[in-house]
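Listed below, chain by chain, are the residues.
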Amino acid sequence: MDERGSITSQWLRRHNALYQAATRHPFILTIADGSINFQCFKRWLGQDYHFVKAFVRFLASLLPKMPKEATDEEMDTLLGGIVALRDEIYWFRSEAMRWTIQLDLVSIKVTTQEYCEFLEQLSQGNFEYAIAVTALWAIEFVYYESFALCTQSNAKTPTELREACERWSNMEFKNYCVLLKGLADKYLEGSNLHVRQKAEEIFVQILKQEIKFWDMSTCDENCI
Ligand SMILES: Cc1ncc(CO)c(N)n1
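Given the structure is predicted, the values throughout are model-derived calculations rather than measurements. (Residues numbered from 1 in each chain as written. Predicted model: local features only at pLDDT ≥ 70, side-chain atom pairs only at ≥ 80, totals over all residues. Heavy atoms only, no water.)

Engineer: So what's going on with the nonpolar core? Residues and values would help.
Structural biologist: Looking at soluble globular proteins, one finds that nonpolar side chains tend to be buried together. Within the largest apolar cluster, 82 residues are counted, with the highest numbers of intra-cluster contacts made by Ile31, Trp44, Leu45, Phe58, Leu136 and Phe147. Element by element, the count of residues in this core is highest for helix H7 (residues 129-150), at 18 residues. In contact with leucine 45, not counting residues within four places along its chain, are Trp91, Phe92, Glu95, Ala96, Trp99 and Ile101. (Core = buried A, V, L, I, M, F, W, Y, C linked by side-chain atoms within 4.5 Å. Buried < 20%, exposed > 50% of the residue type's maximum accessible area, 1.4 Å probe, protein only. Helix = DSSP H or I, 4+ residues; strand = E, 2+ residues; numbered from the N terminus. Contact = heavy atoms within 4.5 Å.)

Engineer: Could you give an account of the site of the ligand, naming the residues involved and the relevant values?
Structural biologist: Around the ligand, the surrounding shell consists of Asp48, Phe51, Val52, Phe55, Glu88, Tyr115, Ile139, Glu140, Tyr143, Trp168, Glu210 and Phe213. Here a nitrogen atom of the ligand and a side-chain polar atom of aspartate 48 are 2.7 Å apart. Interatomic distance of 2.7 Å between a side-chain N/O atom of glutamate 210 and a nitrogen atom of the ligand. Protein contacts shield 100% of the accessible area of the ligand, which totals 280 Å² for the unbound molecule. Taken together, the elements giving at least two residues each to the shell around the ligand come down to helix H4 (38-62), H7 and helix H10 (193-217). Take the shell around the ligand: its biggest share by element is four residues, from H4. Its residues placed into classes, the shell around the ligand shows eight nonpolar, no polar and four charged. (Near = heavy atom within 4 Å. Polar contact = N/O pair within 3.5 Å; in protein donor to acceptor, adjacent residues only side chain to side chain. Areas by Shrake-Rupley, 256 points an atom, 1.4 Å probe, with all protein chains shown as cover. Nonpolar A, V, L, I, M, F, W, Y, C, P; charged D, E, K, R; others polar.)

Engineer: Describe the side chain of histidine 15, naming the residues involved and giving the relevant values.
Structural biologist: Relative to the assigned elements, histidine 15 resides in the loop between helix H1 (7-14) and helix H2 (16-23). According to the relative accessible area criterion, histidine 15 is buried, its value standing at 18%. In this structure the side chain of histidine 15 is engaged in a polar contact, spanning 2.8 Å, whose partner is the side chain of glutamate 200. Excluding anything up to four places from it in sequence, histidine 15 contacts Glu200, Phe203, Val204 and Leu207.

Engineer: Could you give an account of the packing of H7 against H10, naming the residues involved and the relevant values?
Structural biologist: The contact between H7 and H10 brings their axes to 9 Å, and the two run at 35°. Considering the relative orientation of H7 and H10, their crossing is right-handed. Across from Ala130, Ile131, Ala135, Trp137, Ala138, Ile139, Val142, Tyr143, Ser146 and Phe147 in H7, the residues of H10 making contact are Val195, Lys198, Ala199, Ile202, Phe203, Ile206, Leu207, Glu210, Phe213 and Trp214. For the contact of H7 with H10, the per-class residue count stands at 17 nonpolar, one polar and two charged. (Axes fitted to C-alpha atoms, helices over the stretch in contact; angles between N-to-C directions. Left-handed = near helix turned anticlockwise from the far one by under 90°.)

Engineer: Could you give me a rundown of helix H9 (residues 171-189), with the residues and numbers involved?
Structural biologist: Helix length check: H9, at 19 residues, gives a terminal C-alpha distance of 27 Å against a target of 27 Å (1.5 Å per residue), a fit within 8%. Residues Phe173, Tyr176, Cys177, Leu180, Lys181, Leu183, Ala184, Asp185, Tyr187 and Leu188 constitute the buried set of H9. Residues of H9 that are buried sit in contact with H1, H4, helix H5 (72-98), H7, helix H8 (159-167) and H10. Measuring from the side-chain oxygen of the N-cap residue of H9 to the backbone nitrogen of glutamate 172 gives 2.9 Å; that N-cap residue is asparagine 170. (Expected span 1.5 Å × (residues − 1).)

This is the structure:
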């Protein structure tokens, strides 16, 4: 199956409006055009730290679901993802210090809480590996596509935010997303219609949660 005809590519076309809303959100556009209010970035940072901690558990939940026949490369991809999250967690902590945010004092907002609970659901055994791996791809891919806008050559991203944007738009992260997409397609193709439909629903829900997450991070002058 060529890449354009793959299941995930079909979904990206079918749900294009949501996909565009998730990856070209005003929050991201204001980073890319340099007009972002740093308070919004700080709010995003504190909430995303909460998110990433839940995301670690979700990613770990994929390991016991991985079929015995999975290739070595597939195992390496998931383990690489876990290692990358360790570095990401460290990065959040040092970035928070740079912005004088005390992470343990940042209370979780409803939107973040709901997204974390959604991840917790997906971590349960009743969600097949095909669905979980598709969700993993979607979550990472939205960040790649979003932050890639901020590192394009014509972007006016403030220097202070360059490192954050690089984190989700560098070549290695892009390759990781490509590998995840391939895995998602491989397992979706081997799944029955019911599982595929469930996976598509989850994909749509992830796009919606990502939009809400950006909405929450976008704030006025006095926010934190
Ligand atoms: C909300 C959100 N979505 C996706 C990612 C990707 O890592 C993240 N860190 N946070």
